[in-house]
Every structure is written in structure tokens, then in C-alpha cells.
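Structural features, examined
Letter by letter, the chains look like this.
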Amino acid sequence: MSQAPTREVARRVFAREFNDASHTFKESDDERAPVYLLLPTGERANRVFLVGTLTEKEDVGEDDEYWRGRIVDPTGTFFVYAGQYQPDAASTLRDLEPPAYVSVVGKPRTYETDDGGINVSVRPESITAVDATTRDRWVVEAATRTLERVAAVDDEGNEYARMARDEYDLPVADYRETALAALEGLDETDELGGDIPPAEP
Amino acid sequence: MPPHENNTEAIETMTDLQTHAEDIVAQFSDHLDLAADDVEERLDNLVNEYQVPVDEARRSVVNSYLDEAGLERDALGGGDNASVRLAEIEQDEQWLDVTAKVVELWETRSDSVAQVGLLGDESGTTKFVAFETSDLPALEENAVYRLENLVTDEYQGNFSVKLNRTTTITEVDETVEVGDDAETVEGALVDIQSGSGLIKRCPEADCTRVLQNGRCSEHGDVEGEFDLRIKGVLDDGEAVHEVIFDRESTEALTGTTIEAAKQMAMDALDTTVVIDEMRGGVLGRYYRVSGPQFGRYVLVDEFERLSDSVDAEAALIEARSI
């Protein structure tokens, strides 16, 4: 039975783990087959959903507009690039005034740097301004998903965890620590308390 | 309506009689060895010679067979009709008997349809249709009926039941707790699909297809009627769920009424401004929606934006246990 290709799930991953990833792969020879970024905790990501604070934006394009945004989560910074082929995301970046909480749906992209390293960034499908409660909900969700992945790395038949062991030499337990630290950070903000997030426009 | 009005009617009556005859044979299958032809002949005699209404004719024929078999009416089961619960129907053209509550009556969009709505039983709900030609008594909302001789229908993987001329309708004094077969899904709204926003639908009776460039795939160029909807994707990081917000829920979701949307489109001379405007207000936020699953889509009956502050301490305790 022929079936429409299923939509790829948007993974929840903190910046620290996302930026540690470098290996990409396809699961079929088809030219248009989805490209996956291998997450160090043993999952494939063709799409990610993240919420963080846009701290800087800059038009780094030469002829055409090409916006770079730095989006910060409790563990690190995501780099987001949007140009003429992402007109909605590019115009959102153009209009937003940092600092601002933003949600981003996008595809992982890797490129090799001059010194041979691999940098990972996000090519956004959409960027929208959101409020602090959406950000907090994402932190909890990203932490939960990360902890679940870490808990499953030694499961039999977890092929992406096996692939991650083969491709990376990264201490997976650290991602558990960063996820818990992210939640502790939220808890502390809670205790400082009383900062009611501004209503959304 | 007398059944001999014209030829079409006569042919329909004949097929109906055949169906009735087969039903009766099935009803008595445990007791008498009847030939469908004989039964049909007796029905035909009453209906076409003596102008007896079909239901009455059927009753009379059944009674005579009951006498013959020495049975009380109660001894007959529902023939070989299946007793399948409404939300569990998974076969086309299956004959059914059900006890069900009329959960909703909808506006009919076609002159040939007498009634359309939702029937419910413990398992959930399913759509029903009664046609004008079947000449059935009208069902009342919230009443409970014993409905015998319904037939199932399938359209794009979704099942409904049709009442027909042979359907018997008996109001019963029972309460039916209608089951909840709604799906509840939650996640971040990660995408809004094409065909969202201010759209036009085909105005032909019972069509309602969404027009592409002013054309209906069935009826060609038509003067469309405006509607508002959002086809969205909710993603929880593990699975994606496609959902459709209808006009009412789109208005509640976005705060934009259809009137305001039309005005926006008129000012911009372009309907796509509406969805562009809506995107920024709803994408990238968390929602929980519930409603019936229809093919790939959950049709949103109720939704809530997940905007409560998270309980970080509880999340931390739970996280440490993973």
C-alpha cells in the first residue's frame, strides 16, 4: 500500500547536546530521503523544536539578507540561520527585538569549519515570539525527553544509541546532569518567585 | 406515499420487498425453512395487490409465520443482524440492530436527506443518515431508540449507519450512557498546513469541498462560501498528530472572527493574509485538543492552550526518577 511519507517528529534536545552532535546520515539511497542528525544520547533528529531566549540577531548576508540568531537555553546556545528560502522566519528575525523568548521549529544543518570541525545550526521552518511559560514548559519537556533517551542508551535493540557509541566518544551521563541542572534552574527561579510572566501581545 | 406512483418507485419497492423477504427468512432461520421467493410473493400480494403499506405487510407476514412455527414474537432475535457497538463498526454494508441515543441532530444539507446526526451507545458515537425516500418517523434528539435493520456505510475509512425503508424504529425507555470516543492529544503546534485560514467551500448541496482557485473538484467553477479553519500539526517530541480546528474553534483559538478575517482579506485583496496573521499567534505554543478522529485528523471539539506555569519542583522529582 502506498502511503504519504510520514511527517518527521520534532525532537526536544538542549543546545549542549545538539552542538555536540556532528554525524548525519540517511536511511535510504533516495536523493530526497530525510537527512538525520545523530544525537549523542542515541536518537535521530530530522527536525527539532526549541524554545529559548533570542539574545542577538545579525544580518550576516552579503547581497541578500541572511539572518543569524543566537538562541540561548539553560545549557548553551543554538545558532539559527534564515535567508531568502525561509522568508517567514527571516522576517520574524528582522522584526524581533532581543532579548525575546522564541519558539523555533527547524531542521538541523551541519557544516565543516575551516579547521575541520563540524558546526551544527538550525534552519528554521518557523520562529515565533512566545512567553516565559512556554519556555519553561519546553525546558521541562526537553529535560524529560533527554533523561528518557539517556535511560534507554543501554537497551537492547536501541540502534541509534549503538550508532552514537560508534560515532562519538561522549560521556552520555553528562547530558543527564545538564538536564537535571536545567530543571533545578527552573525550580530556583520559581523560589525567587513572584515574577509573573508578561502576557503575550 | 403509495408505492406504485411510478416505475422507479415500483422497482425500488420490488428490491425492498426482496430485502424484506430475505430478512424474514433470516429471522426465522432457526425455526422454519422458508424460501425467500415465497415470502416475497406474500409480501408482494399484500403491498401491490391490496395496497398495504410495507411495514404492515411485513408485520402481517411475520405474524403468519410465527403462528406456523408456534412462536411468540419475542422468540425472534434480530435475524442474523450483527450487534456491533457503534464506535466499533469496521465493515461496510453490514446489517445491524442497535439501541442508541440520538446525541445530535445536524442541519441537513441536501433535500434527499431527511435527518442526519450522531447516534451514541456505550462505545461512542457514529454518524447516521435517514433519507427522505425511506419515509421514516423522525428521530428526536436525546431520545433512545431500538433501531433494527440499519446498514453500515464507509467513506474514506470512516463508518456511518444508514436508516432505510426496512428499518424499524422503536422508542425505548432506557438510559444510554454515551461513551467518549474522543481522542485527546497534546503537544507544540509546530506547523500550519496549506488550506488553512480563510477558505472558500463549494456551495452545492452536500458538497462543502474546499475550492482550489475558485474551482470545486466536483462541480467546477462555483461562487464559493467563506469558511475559516486551521489544519495544524501537534508534536510532543515522540509523535505528530494532525488536527483540524473548524470555524468556531479557529475563532476561539486566534481571536479572529470570520467577519474580521473577511475584512482583512478585502483590505489586502488577498485571502492569504489571514493565515499569515494567525501564524504568529499560535505556532510554537503548547495545546491540548480533543475530538473525534476522522481519518488522519482529530477534529477539534475542545482545546486548551497549555499556559499554566510548570511545577518545576514536581518536574524535578519526576525527572530524577527516570
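Quick caveat, the model's predicted, so the values are computed rather than measured. (Residues numbered from 1 in each chain as written. Chains lettered and ligands numbered in written order. Predicted model: local features only at pLDDT ≥ 70, side-chain atom pairs only at ≥ 80, totals over all residues.)

Secondary structure assignment for chain B yields seven helices and 16 strands. A sequence separation of at least 24 residues applies to 57% of the contacts in chain B between residues at least 6 apart. (Helix = DSSP H or I, 4+ residues; strand = E, 2+ residues; numbered from the N terminus. Contact = placed C-beta atoms within 7 Å.)

The next point concerns the packing of helix α2 (residues 36–49) of chain B against helix α3 (residues 54–69) of chain B. Two measures define how a pair of helices packs: the angle their axes make with one another and the distance between the axes. All names here are of chain B. Two numbers describe how α2 lies on α3: the axes approach to 9 Å, and their chain directions differ by 135 degrees. Looking at the two axes, α2 sits oblique to α3. Relative to α3, α2 is oriented so that their crossing is right-handed. Every residue of α3 that contacts α2 at Val39, Arg42, Leu43, Leu46 and Val47 is listed here: Val54, Ala57, Arg58, Ser60 and Val61. Split into classes, the residues belonging to the contact of α2 with α3 amount to seven nonpolar, one polar and two charged. (Axes fitted to C-alpha atoms, helices over the stretch in contact; angles between N-to-C directions. Parallel < 35°, antiparallel > 145°, perpendicular 65-115°, else oblique. Left-handed = near helix turned anticlockwise from the far one by under 90°. Nonpolar A, V, L, I, M, F, W, Y, C, P; charged D, E, K, R; others polar.)

This part is about helix α4 (residues 159–167) of chain A. Residue and element names in this part refer to chain A. Those residues of α4 lying buried are Tyr160, Ala161 and Ala164. Taken around the axis of α4, the buried residues stretch over an arc of 105 degrees, which confines them to a single face. The exposed set on the far side of α4, more than 90 degrees from its buried face, consists of Glu159 and Asp166. On its buried side, α4 packs onto β3 (35–39) and β4 (43–45). (Buried ≥ 20, exposed ≤ 12 C-beta atoms within 10 Å, placed from the backbone. Arc of directions from axis to C-beta.)

Bringing helix α6 (residues 272–282) of chain B into the picture now. All names here are of chain B. Looking only at α6, the buried set comprises Val274, Ile275, Met278 and Arg279. End-on view of α6: buried residues confined to an arc of 135 degrees, all on one side of the axis. At its buried positions, α6 is contacted by β7 (183–192), β8 (197–201), α4 (247–254) and α5 (258–268). Phi for Gly284, located one or two positions after α6, is positive at around 75 degrees.

Turning next to the interface of chain A and chain B. On the side of chain B, 25 residues touch chain A, which itself brings 30 residues to the contact. Of all the secondary structure elements, the ones that give two or more residues to the side of chain A that touches chain B are β1 (10–11), β8 (100–112), β9 (118–129), α3 (132–151) and α5 (173–192) of chain A. The leading source of residues in the side of chain A that touches chain B is α3(A), at twelve residues.

Another point: the sheet that holds β4(A). Adjacent strands of a sheet form backbone hydrogen bonds with each other and so pair up, either parallel or antiparallel. Residues and elements named next belong to chain A. Taken together, three strands build an open sheet; the order of strands is β2-β3-β4 and the sheet is antiparallel. Among the strands making up the open sheet, the edge pair consists of β2 (24–26) and β4. On average, each strand axis in the sheet is tilted by 45 degrees relative to the strand beside it, whichever way the strands run. Judged from the three bridges that link them, β2 and β3 form a sheet pairing that is antiparallel. Across the sheet, residue Lys26 finds its bridge partner in β3, namely Val35. Packing against the sheet, α4 makes contact with β3 and β4, and its axis sits at approximately 75 degrees to β3. (Pairing = 2+ DSSP bridges.)

A separate point is the nonpolar core. Most often, soluble globular proteins have nonpolar side chains that are buried together. The biggest cluster of nonpolar side chains holds 77 residues, and the ones touching the most others in it are Leu50(A), Val102(A), Val104(A), Ala143(A), Ala179(A), Leu183(A) and Val243(B). Of the residues forming this core, the biggest block, seven residues, is contributed by α3(A). If sequence neighbours within four positions are ignored, Val243(B) has contacts with Val185(B), Gly232(B), Leu234(B), Val289(B), Tyr297(B), Val298(B) and Val300(B). Core analysis: the next-biggest nonpolar cluster, separate from the first, contains 20 residues, Ile89(B), Leu96(B), Val98(B) and Val129(B) among them. (Core = buried A, V, L, I, M, F, W, Y, C linked by C-beta atoms within 7 Å.)

Here Thr133(A) shows up in helix α3. Judged by the 20 C-beta atoms lying within 10 Å of it, Thr133(A) falls in the buried class.

All names here are of chain B. Here chain B averages 86 in pLDDT, and 92% of its residues register 70 or above. Long-range and interchain partners of residues 1–9, a stretch whose pLDDT sits below 50, account for nine contacts in this model, where long-range means more than four residues apart. Two numbers describe this predicted complex: its pTM, 0.69, and its ipTM, 0.90. (pLDDT = per-residue confidence, 0-100.)

Moving on, we get to unusual backbone geometry. Pro99(A) follows Pro98(A) through a cis peptide bond whose omega is 0 degrees. Mapped onto the fold, Pro99(A) is located in the loop between α2 (87–95) and β8. With a phi close to 60 degrees, Thr208(B) is a non-glycine residue in the positive phi region. The phi torsion at Leu269(B) lies on the positive side, around 55 degrees, for a residue other than glycine. Looking at where Leu269(B) falls in the secondary structure, it is placed in the loop between α5 and α6. The class of Leu269(B) is exposed, set by 7 C-beta atoms lying within 10 Å.

On to the pairing of strand β5 (residues 158–163) of chain B, then. All names here are of chain B. Summarising the sheet, strand β3 (residues 124–131) and β5 pair through four bridges and their orientation is parallel. Each bridged residue has a counterpart across the sheet, and for Lys127 the counterpart in β5 is Ser160. By the bridge criterion, five bridges tie strand β4 (residues 144–155) to β5 in an arrangement that is antiparallel. Bridge assignment links Tyr155 to a residue of β5, and that residue is Asn158.

Time to look at the packing of α5(B) against α6(B). Residues and elements named next belong to chain B. Where α5 contacts α6, the axes come no closer than 8 Å and their chain directions differ by 120 degrees. When the interaxial angle is binned, α5 and α6 end up oblique. Where α5 crosses over α6, the handedness of that crossing is right-handed. Contact residues: Ala261, Met264, Ala265 and Ala268 in α5; Val273, Val274 and Glu277 in α6.

What follows concerns the environment of Gly120(B). Relative to the elements of secondary structure, Gly120(B) occurs in strand β2 (residues 113–121). Beyond its immediate chain neighbours, meaning those up to four positions away, Gly120(B) contacts Leu86(B), Ala100(B), Lys101(B), Val103(B), Thr125(B), Val176(B) and Val178(B).

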